[in-house]
Amino acid sequence: MSMVQLDKEFASLLPTIIKPTEHYCSQPNHKQQVLDFYCKTCNCLICRHCIVTVHKDHSITELSIVAESHRDEMKVSLQLAQENKSALAGAIDANKKMMQQIETSKQIAESTILQLFRDLIAAMEERKKSLLLDLEMISLSKITSLSLQKEQFEKMQQDICQYTEATSHILQTHTDNEVVTLGELLPMELKATLKKVEKVSLTPNDRSYLTMSEQMDPDLLNKLLKLGDIVELSPAPHESKFTFDKVARVNTVYHIQVETMTSTGRHYPCGGLVMKAELRHRSQDGSSVLGEVEDHGDGTYTISITPQTAGPHQLIITMDDKHLQNSPCDLKVKGDYTTLCDVQQVISVNGKPLCVAVHEIGDIYVGSNNDRIYVYDHSGHLKNTIGSKGQFNCPFDIFIKKDMVYVADMWNHCIQKLTTRGELISKFGKKGSGQGEFNGPGGVLVDSKDRVIVSDSGNNRVQVLDPSGKWILTIDGSGGDHRFKSPRGLALDSQGNIYVAAFGSNTIKVFTPDGAYIKMYGGLNSPRGLAIDEDGYSLVSEGQGNRLSVFDPQGKKIHTVENLITPTGIALDCEHFSVYVSSLDSGNVSKYTYAS
């Protein structure tokens, strides 16, 4: 089979794997057998003898059928290519026209700039001439006045010099008769001259200098330096920006701020653009929600959008049907705790469940009053039982970090560290009230620094220890109303702050990682279990209140689930929008879900 003759430039773009296809089978015993079939298992052409030998039991199809399918696919691809080729040609043409328009507008702007500065230079030249003429006239007037005064001074000086010369000559050469005669005449002339000198001021008529009335005004100079501006008459979508939080919550209005920019990165100061926003779920159905746009008229916009479903989404923002910078982008939408209501799943536990924890892979760990820990998969099927006889004495709380399981072993007065399979790694603590000693530990967790935090319920305190159990600090609950009274459940927020369920005082107290009091909130009835999500929402099981309460990050109660039966532990599975609650007297762990 010969290759189709292609344009050399186009042919050079084709993959090098394109080679002429052989007509006949290459198997040694199948010479002159035409390749009439196609093996889907091996993705190759075969002959009829190959069907029963080399390719026996493979998925075989007639070559003509496969070829026809490929032809159909190629036709579709060809049509798409032609459509895109036409679209690209139009885009290239539009691009060229835009470049020509920009060049034309550049030339007009350049001509405007040159004319502006020609006018400025001409005006400045005219002003220069006017100032120089004023300078010449004023200086001439002053010099003329001073010249006349100078001539007067010189005349009086000449008269006085003549008198002094004449007087000196008479005194030296004349007789007494002449001296007497002239001595009466000359002093009279001198007196007349001196009277003239007395009548005039001997200082210059004009003692002022010439200068400019004003130097260059800095503000004027600054305005001249900034005179004019190059204004782009259209915004650039690829340069325009939007700011948003990476996380939203279902059924809650979410705001996005948009600033339009020009192609040179300057703010575009005008409104009136066609701005659109779409929040599209990354699922097979691709359900989406459109945003409402508020145009502020100055090149900025506020987009409001309310997610309807939880999970991963794609945020798409366009301006005049063109994507903004960083659009599309990922947005995580979290569930709505206010939709917690009906039980979706019940796990029956052997004994009475004291606590519950969820591993990141979805396994559910339940501590029971029969001194065992039961492990269930996400569907509620029992996977493992942890605890040999005497190993635990009331596993009151469980905390899981990665593949480590920490157990608050209440009446053994210690903390046990296990693998997720139940193998004991270490344990520390003994009954007592000293540092590192416990009296019925009722809660345990591990922070980001691997510090072990324990609710020392019987000693009415919380202790912070290093991974080996060495004491670091004690939190006695000071702050708020009073000190702790039988603290139980523990949780950490995203900043590492420690939340404590104060069972005896019906409050939740919050402390810094170093133990400093921050705040508290109440309205609870024997809070036992406690969980906090990464946004600061806290969920509390109320043992004697028989309910589950949800608080926002500010400590305001936003939702309750009533009619529970002595709830104990609580665990969040945010990945599957689930909340697990262990109930002591029902013998069950109940799974609740919220809007997703």
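It should be noted that the structure appears before, not after, this text.
A few points on the structure. (Residues numbered from 1 in each chain as written. Predicted model: local features only at pLDDT ≥ 70, side-chain atom pairs only at ≥ 80, totals over all residues. Heavy atoms only, no water.)

### Thoughts on the overall build of the protein chain
Okay, step 1: In terms of helices and strands, the protein chain carries five helices and 37 strands.
Okay, step 2: In terms of C-alpha radius of gyration, the protein chain reaches 49 Å, well past the compact-globule figure of 25 Å for 596 residues.
Okay, step 3: If you line up the protein chain on its principal axes, its C-alpha atoms span 165 × 95 × 45 Å.
Okay, step 4: Restricting to contacts in the protein chain with at least 6 residues of sequence separation, those with at least 24 account for 47%.
Okay, step 5: With the model as given, the accessible surface of the protein chain reaches about 35,700 Å², and the carbon-plus-sulfur share is 53%.
Okay, step 6: Distance from the positive charge centre (61 side chains) to the negative charge centre (73 side chains) of the protein chain: 7 Å. (Helix = DSSP H or I, 4+ residues; strand = E, 2+ residues; numbered from the N terminus. Rg over C-alpha atoms; globule rule 2.2 N^0.38 Å. Contact = heavy atoms within 4.5 Å. Areas by Shrake-Rupley, 256 points an atom, 1.4 Å probe, with all protein chains shown as cover. Lys, Arg positive; Asp, Glu negative; His and termini not counted. Charge placed at Lys NZ, Arg CZ, Asp CG, Glu CD.)

### A look at the environment of T264
Okay, step 1: Positionally, T264 belongs in the loop between β6 (254-259) and β7 (275-281).
Okay, step 2: Through-space distance from the C-alpha of T264 to that of H559 is 50 Å; in sequence the pair is 295 residues apart.

### What to know about the sheet that holds strand β20 (residues 404-409)
Okay, step 1: Taken together, the four strands give an open sheet; going across it, the order is β19-β20-β21-β22, and neighbouring strands pair in antiparallel fashion. Edge strands, defined here as strands with exactly one partner in the open sheet, are β19 (395-401) and β22 (424-428). Each strand axis lies, on average, 20° off the axis of its neighbour in the sheet, ignoring direction.
Okay, step 2: Bridge count between β19 and β20: six bridges; the pairing is antiparallel. Bridge pairing in β20 links F399 to Y406. (Pairing = 2+ DSSP bridges. Axes fitted to C-alpha atoms, helices over the stretch in contact; angles between N-to-C directions.)

### Quick word on the environment of L290
Okay, step 1: Within the secondary structure, L290 is located in strand β8 (residues 288-290).
Okay, step 2: A C-alpha to C-alpha distance of 13 Å links L290 and T302, two positions 12 residues apart in sequence.
Okay, step 3: With residues up to four places along the chain from it excluded, the contact list for L290 reads A277, E278 and I305.

### Side note on helix α3 (residues 63-173)
One full turn of an α-helix is made of 3.6 residues, so residues set three or four places apart face in the same direction.
Okay, step 1: The end-to-end C-alpha distance of α3, which contains 111 residues, comes to 156 Å, matching closely the 165 Å that a straight helix rising 1.5 Å per residue would cover.
Okay, step 2: Residues of α3 that are buried: V66, S139, K142, Q149, M156, D159, Y163 and I170. (Expected span 1.5 Å × (residues − 1). Buried < 20%, exposed > 50% of the residue type's maximum accessible area, 1.4 Å probe, protein only.)

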